[in-house]
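Below, each chain spelled out in residue letters.
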Amino acid sequence: MVSMKEIAAACGVSVATVSKALSDHHDIGEKTKQYVRETADQMGYLPNLSARYLKTNRSYNLGVLFEDAARSGLTHDFFSGVLENLKITAESRGYDITFLNTSSQDMSYVERAQYRGFDGVAIACSDFTDPKVQELLRSSVKVVTVDYIADNRTAVVSDNTDGMTRLMEYILNQGHTRIAYIHGDEGRVTRQRLASYYRSMEEHGADVRENYIVPSLYRDWQQAYEKTEELLDLNEPPTCILYPDDVAAIGGMNAIRARGLRVPEDISVAGYDGIRSLQYSEPRLTTIRQDMEELGRLAAESLIDEIERPMTTTPTIHTVKSFILEGQTVRKIN
């Protein structure tokens, strides 16, 4: 195994300079840091993690709690994108990522985080009413939440109010007033989007038909299919249907086509999330693109800042803007 002494000899610098360069110390210049690091890489140097832990009292390991209601795991297009960018950012700062074992019954999340020696935990998707999650939020473990705001914790959230407003403005400006909304299950995100829906309809002088407001589950294409059928059976069906996410929108479009109707010629639809693969479908889905890259980056940066600079960081809510992908599934009507 290559030692710091050998790297120092190869670079013509002291062992102390090598140590500072590899730990990103501010006392030496960037050119020296880069030269030492490149030399260390070429020589196959691997840091001694045990020594680093003893010196800093940190494991350089972050826990991730991730389990959505549909139990879709890493096939969840939105959160998997967030987690990928969280991982990339954490690794660039010298940290590893480990998932909390959600199936274990013998330990709470707090106990498992302490047992694994996590420096902090990111809760990217979970049932926040779960007593074990609430215990973790109340504990001394450093925690950052994604798309959920908890008391006295840093949160990274999408601006669902602005995103839904942008989507509604686009649809209303296309001439639609009979707009149905199959929304997701109860929660802060759903409440924000519903409020934007009602506000946009009111501001445009469009009547809200309560039988157009239909509850469903996120990412449940089968239930979205069934709810769409109910809307199509109304005496006066909507001209446009909004869905809680892009997966649900696919279920809705399947129901529309099963009736021999066309999207968007007969019924317009819009999703939410901006799943990249669906932007290659025909017709291309109109949706709101959530900035998964920024959400993941901010979650990792915020958590690591709290770990490394605990005296100068305070719990903060970071709000990330979304943007509309106009697509081809909302037609313009008179």
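Residues numbered from 1 in each chain as written. Predicted model: local features only at pLDDT ≥ 70, side-chain atom pairs only at ≥ 80, totals over all residues. Heavy atoms only, no water.

Trainee: How should the environment of glycine 63 be read in this particular structure?
Mentor: With respect to the helices and strands, the residue glycine 63 is situated in strand S1 (residues 61–66). Taking the C-alpha atoms as reference points, glycine 63 and valine 143, 80 residues apart in sequence, are found 9.3 Å from one another. Ignoring sequence-local partners within four residues, the contact set of glycine 63 consists of Thr98, Phe118, Gly120, Val121 and Ala122. (Helix = DSSP H or I, 4+ residues; strand = E, 2+ residues; numbered from the N terminus. Contact = heavy atoms within 4.5 Å.)

Trainee: Please explain the sheet that holds strand S11 (residues 317–320) as it appears in this structure.
Mentor: Sheets are built from strands that pair by backbone hydrogen bonding, the pairs being arranged parallel or antiparallel. Pairing is parallel in the open sheet, where six strands are placed in the order S2-S1-S3-S4-S5-S11. Each edge of the open sheet carries a strand with a single partner, namely strand S2 (96–99) and S11. Along the sheet, successive strands turn relative to each other by an average axial angle of 20°, direction set aside. In the packing of helix H7 (residues 131–138) onto the sheet, contacts are made with S1, strand S3 (120–125) and strand S4 (143–146), and the angle to S3 comes to roughly 140°. (Pairing = 2+ DSSP bridges. Axes fitted to C-alpha atoms, helices over the stretch in contact; angles between N-to-C directions.)

Trainee: Explain the nonpolar core to me, please; I cannot follow it from the model alone.
Mentor: Burial of nonpolar side chains together is a common tendency in soluble globular proteins. Core analysis: the largest hydrophobic core is formed by 26 residues, its most contacted members being Leu62, Phe66, Phe79, Tyr95 and Val156. By residue number, the principal contributor to this core is helix H12 (residues 292–308), which donates eight residues. Every residue in contact with tyrosine 95, bar those within four places of it in the chain, is listed here: Arg58, Tyr60, Asn61, Leu62, Ala90, Asp119, Ile304, Ile307 and Glu308. In this structure, Leu167, Tyr170, Tyr181 and Ala206 belong to the second largest nonpolar core, which totals 19 residues. (Core = buried A, V, L, I, M, F, W, Y, C linked by side-chain atoms within 4.5 Å. Buried < 20%, exposed > 50% of the residue type's maximum accessible area, 1.4 Å probe, protein only.)

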